[in-house]
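# Inside the fold
Here's the letter readout for the chains.
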Amino acid sequence: MSAPTARTSYKNGANSTYLGMPSFPRAAHAAVRDTTLRANLKHATHTIRDKRAKAVAELGDWADLREAGKQIKDHTLRHLDRYLLQLEEAVTAAGGTVHWAADADEANRIVTDLVKATGEREVVKVKSMATQEIGLNEALEAEGIAAYETDLAELIVQLGEDRPSHILVPAIHRNRGEIREIFTLTMSAWGRPAPDDLTDRPADLAEAARLHLREKFLRAKVGISGANFMVAETGTLVVVESEGNGRMCLTLPETLISVVGIEKVVPTWRDLEVFLQTLPRSSTAERMNPYTSTWTGTTDGDGPRAFHLVLLDNGRTDVLADEVGRQTLRCIRCSACLNVCPVYERAGGHAYGSVYPGPIGAILTPQLRGTASELDASLPFASSLCGACYEVCPVAIDIPEVLVHLREKVADQGGKGHRLEKAAMKASGWVLNHPAALATAERAASLTRKAHPRRLPGAAAWTNTRDLPELPAAPFRDWWKRNRTS
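Rules used in this analysis
Residues numbered from 1 in each chain as written. Predicted model: local features only at pLDDT ≥ 70, side-chain atom pairs only at ≥ 80, totals over all residues. Heavy atoms only, no water. Helix = DSSP H or I, 4+ residues; strand = E, 2+ residues; numbered from the N terminus. Buried < 20%, exposed > 50% of the residue type's maximum accessible area, 1.4 Å probe, protein only. Contact = heavy atoms within 4.5 Å. Areas by Shrake-Rupley, 256 points an atom, 1.4 Å probe, with all protein chains shown as cover. Lys, Arg positive; Asp, Glu negative; His and termini not counted. Charge placed at Lys NZ, Arg CZ, Asp CG, Glu CD. Core = buried A, V, L, I, M, F, W, Y, C linked by side-chain atoms within 4.5 Å. Domains from an automatic or database assignment. Buried area = accessible area lost by both parts, 1.4 Å probe. Salt bridge = Lys/Arg side-chain N within 4 Å of Asp/Glu carboxyl O. Polar contact = N/O pair within 3.5 Å; in protein donor to acceptor, adjacent residues only side chain to side chain. Pairing = 2+ DSSP bridges. Axes fitted to C-alpha atoms, helices over the stretch in contact; angles between N-to-C directions.

This next bit is on the overall build of the protein chain. The secondary structure content of the protein chain amounts to 23 helices and 10 strands. For the protein chain, with 486 residues in total, the buried portion stands at 50%. Contacts spanning at least 24 positions in sequence make up 75% of the contacts within the protein chain whose residues lie at least 6 apart. When the accessible surface of the protein chain is split by element, carbon and sulfur atoms take 53% of a total near 23100 Å². Across the protein chain, the mean location of the 59 positive side-chain charges is 9 Å away from that of the 60 negative side-chain charges.

Next up on the list: the nonpolar core. Here is a general trend for soluble globular proteins: nonpolar side chains tend to be buried in one another's company. Counting residues in each nonpolar core, the largest one holds 105 residues, and the members touching the most others are F24, F183 and L309. Counting contributing residues per domain, this core is built from domain 1 (24-58 + 335-483) and domain 2 (80-312), each supplying no fewer than three. Counting 20 residues, the second-largest nonpolar core is a separate cluster that includes V111, I134, L136 and V222.

Take the domain arrangement of the protein chain next. Reports of interface size often rely on the accessible area that becomes lost once the parts have come together. We note that the domain assignment places domain 1 (24-58 + 335-483) and domain 2 (80-312) within the protein chain. Counting residues at the interface gives 26 residues for domain 1 and 24 residues for domain 2. Taking both partners together, domain 1 and domain 2 bury about 2100 Å²; carbon and sulfur atoms supply 60% of that area. The largest contributions to the domain 1 side of the interface with domain 2 come from H350, V355 and Y356, which together make up 29% of the buried area. On the surface where domain 1 and domain 2 come into contact, there are 2 salt bridges. Where domain 1 meets domain 2, there are 8 residue pairs in polar contact (both at pLDDT 80 or more).

With respect to the helices and strands, L185 occurs in helix α9 (residues 176-190). With relative accessibility at 61%, the residue L185 sits in the exposed group. Sequence spacing of L185 and L159 is 26 residues, and the spatial spacing of their C-alpha atoms is 9.0 Å.

What follows covers the sheet that holds strand β7 (residues 255-261). An order of β1-β10-β7-β4-β2-β3 is seen for the 6 strands of this open sheet, with the pairing classed as parallel. At either end of the open sheet lies a strand with only one pairing partner, and these are β1 (97-101) and β3 (146-149). Strand-to-strand twist across the sheet, computed as the mean angle between neighbouring axes with direction ignored, equals 25°. Bridge analysis of β1 against strand β10 (residues 306-312) gives 5 bridges, and the strand direction is parallel. Looking at β10, one finds that T97 is bridged to H308.

We now examine the environment of L312. Note that L312 resides in strand β10. Each C-alpha atom of the pair L312 and V126 lies 17 Å from the other, and the pair is 186 residues apart in sequence. Residues within four places of L312 in sequence aside, it is in contact with A101, D103, A107, A130, E133, I134, V260, G261 and I262.

The next point concerns the pairing of strand β4 (residues 222-225). The alternating pattern of β4 places V222 and I224 on one face and G223 and S225 on the opposite face, and all of these are buried. Note: strand β2 (residues 122-125) against β4, 2 bridges, orientation parallel. Along β4, the bridge assignment pairs V124 with G223. Of the strand pairs in this sheet, β4 and β7 are connected by 4 bridges, and their pairing is parallel. Looking at β7, one finds that I224 is bridged to I257.

On to the pattern of salt bridges, then. Tallied over the full model, the rule gives 22 salt bridges. Among the ionic pairs, E58 bridges to R287, the shortest N-O distance being 2.8 Å. Linking E58 in the loop between α2 (35-57) and α3 (62-78) with R287 in the loop between α12 (269-283) and β9 (291-296), this pair joins segments that are 229 residues apart in sequence. Taking relative accessible area as the criterion, R287 reaches 59% and is therefore assigned exposed. With its nearest N and O atoms 3.3 Å apart, the salt bridge here joins E263 to R333. Residue E263 is located in the loop between β7 and β8 (265-266), and its partner R333 is located in the loop between α13 (316-320) and α14 (336-340); the two are separated by 70 residues in the primary sequence. Overall, E263 belongs to the buried group, its relative accessible area being 3%. If you follow the salt bridges from partner to partner, you end up with E133, E263, R316 and R333 in one network.

For the rest of this paragraph, the subject is the sheet that holds β8. Strand order in the open sheet formed by 4 strands is β8-β5-β6-β9, with mixed pairing between adjacent strands. Single-partner strands in this sheet number two, and they are β8 and β9. Of the pairings in the sheet, the one linking strand β5 (residues 229-231) to β8 comprises 2 bridges and is parallel in character. Bridge pairing in β8 links M230 to V265. Where α12 meets the sheet, its contacts fall on β5, β6 (236-241), β8 and β9, and the angle it forms with β5 comes to roughly 165°.

As structure tokens, then:
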């Protein structure tokens, strides 16, 4: 049975925001009033981050591993051109084919053409942020090709015609009862239906998903994946996961297509030693991932007969050109920053209007997409700058530093609020540079203090939840003159 063709499309083109998404403040304003969402998020994020803290504490050299990961990533990014060419040479020598995609449209066109060349009309997918970023499922659907998500959380999102809200656990905003309802109502339209007596027990939900997906694994001739890492010296790709669906997608199909961001390359196998320790502990709080799959090109009689690697830029070289922002490309998609972020915990992932939510999304999305839209311009401000994200990042991305950097860029590009702020700061600067004018302004403010509003016009976002401080009866300068002793 093929997948339904009339489904909700949430993307306005391959490289833009979700359709109808308001700016972060407006989206968050609605999200924080959803008590079910907040309860789901609080339970999930607190559970994950507590387990992560215990897993990290087991390693006495965690700080050294963190610094090593940072250094490896920074070295690779400084020499990215060399390592990408080395990777291409190694993949080609191993029997694979490398394609270069400058943007989302080109990547979608390459993948769609590769699938059509096989004659197949359906594909199975491993969880992949890059394919979500470019809107690959929508591009395939437009060509009559059904893409089946096989990660459990991604399956929940797909069946519910929903959007992912977390990097590691895309359906973190759903509880067990909601998942049972989604399976019961929609599974039959996509393939094997859910059991009539399905309960909301995790084991029963997982079994329903396993039976539903098994027929797709055994039938599919084309698999699509991303990769957590690419090893330049051997042309090896690495996928880490916890369910085994990745192993099925990577080994059973006759054709495997991997879409991977160019920043995922590491120079050598030895470099993986660091990340295969830090990634599982930071993401799932495990000492090692249950499934670590590696493959190098093709091998006769073992695995896919054809392997295609699509190297995706889609704004990454622009990020690399920014001396402050380029550290964002160190990200290994562990999601630790989301689980400690007080803003994410209350607003959820949908408010960010991107497949990359949370603190890392607040700095990655505006750099990949630009800040022309109201939503993207608002993302650098979706933070309290508490610094918790930096403390848990396994590759030491200073997210607060990048947020402030991006805020400066947004302010420089203008907009009503920023123009008013600039005018106010300019006027304040003039007054502060002229003592007589400052003294006159202080006296006038004190004399009219009873008429002052409790909320400042034009600054509602700040003063709606904060009262302006009360001014004293006389300025400090006047008080000092009356009370000082010689």
